[in-house]
Amino acid sequence: MTEAIKQLKVQEIALLLLQCQPELAGILLDISEPGKIDLKDFMQRNFKFNVPLERFAYLTGRSLSTFKRDFEKLYGITPSRWLQQKRLDEAFYLITKKRQKASDVYIEVGFENLSHFSYAFKKAFGKAPTQLI
């Protein structure tokens, strides 16, 4: 079987799966742009993972420069800033609504260390995370 036929068959399978189970749309590849997956859905589901931008780019089927360009077109902000704000917003929710401790939350939302998390949190919200409990 030639490579072109294999690609057509994969697209055919994806379309058949989408017809039977439309909820798989966010999981399957976007066949309008071969190799690229839905960036918004992927980032919403995976922002908590503390991985380099290069890895996010690779996992979405993009080069780093294409990832950054597509990301800024979609969100109007750089991926790094979006990731930090999204993680801080999630931490704020976990601390204020779920009553979790900052020392338990920072790793869960993708920060490497507590001091950097506390600094960024205070800068974003005007209070240290320990002051919200």
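(A) Up close: the overall build of the protein. Each helix and strand counted, the protein has seven helices and zero strands in total. Its helices and strands taken in sequence order, the protein reads α-α-α-α-α-α-α from the N to the C terminus. For 133 residues, the compact-globule estimate of 2.2 N^0.38 gives 14 Å, and the protein exceeds it by more than 25% at 19 Å. In terms of overall dimensions, the protein has a C-alpha envelope of 60 × 30 × 25 Å along the principal axes. In the protein, which comprises 133 residues, the proportion classed as buried is 29%. For the protein, contacts bridging at least 24 residues in sequence account for 48% of all contacts bridging at least 6. Just so you have it, the protein exposes about 8900 Å², and 55% of that area is on carbon and sulfur atoms.

(B) Representation of the packing of aromatic side chains within the structure. Inspection of the entire model under this criterion finds eleven aromatic pairs. On the numbers, 6.4 Å between centres and 85 degrees between planes, the contact of F47 with W82 is edge-to-face. Placement of F47 in the loop between α2 (39-46) and α3 (53-59) and of W82 in helix α5 (residues 79-96) is noted, with a sequence separation of 35 residues between them. Exposure class is identical for F47 and W82. Each is buried. Each ring, one from F92 and one from F121, has its centre 6.2 Å from the other, and the planes form 20 degrees; the classification is stacked.

(C) Layout of the side chain of T66. On the secondary structure map, T66 appears in helix α4 (residues 64-75). By relative accessible area, T66 is classed as buried at 15%.

(D) Representation of the pattern of salt bridges within the structure. According to the stated counting rule, one finds four salt bridges in the structure shown. Its salt-bridge partner being D70, residue K36 comes within 3.5 Å of it at the nearest N-O pair. Taken as a pair, K36 in the loop between α1 (3-20) and α2 and D70 in helix α4 lie far apart in primary sequence, 34 residues in all. No difference in accessibility class separates K36 from D70, as the two residues are buried.

(E) Molecular detail of the environment of I77. Along the chain, I77 falls in the loop between α4 and α5. When sequence neighbours within four positions are dropped, the list of residues in contact with I77 reads F71, E72 and W82.

Conventions we followed
- The residue count restarts for each chain, going from 1 along the sequence in the order it is written.
- Totals for whole chains, interfaces and linings use all residues, but because this is a predicted model, local features are given only for residues with pLDDT of at least 70 and pairs of side-chain atoms are given and counted only at 80 or more.
- Note that water and hydrogens are dropped before the side-chain values are worked out from all heavy atoms of the structure.
- Strands are runs of DSSP state E lasting at least 2 residues, helices are runs of H or I lasting at least 4, and numbering of each runs from the N terminus.
- The size measure is the radius of gyration over C-alpha atoms, and the globule rule it meets is 2.2 Å times the number of residues to the 0.38 power.
- Only protein chains enter the area calculation, which uses a 1.4 Å probe; residues under 20% of their type maximum are buried, those over 50% are exposed, and those in between are partly exposed.
- A contact between two residues is defined here by any heavy atoms of the two lying within 4.5 Å.
- With residues, only the protein chains shown are counted as cover, and all accessible areas are computed by Shrake-Rupley using a 1.4 Å probe.
- Any two rings among Phe, Tyr and Trp, with Trp reduced to its six-membered ring, count as a pair given centres within 6.5 Å; such a pair is stacked if its planes are under 30 degrees apart, edge-to-face if over 60, and tilted if neither.
- Note on definitions: salt bridges are taken to be side-chain nitrogens of Lys or Arg within 4 Å of carboxyl oxygens of Asp or Glu.

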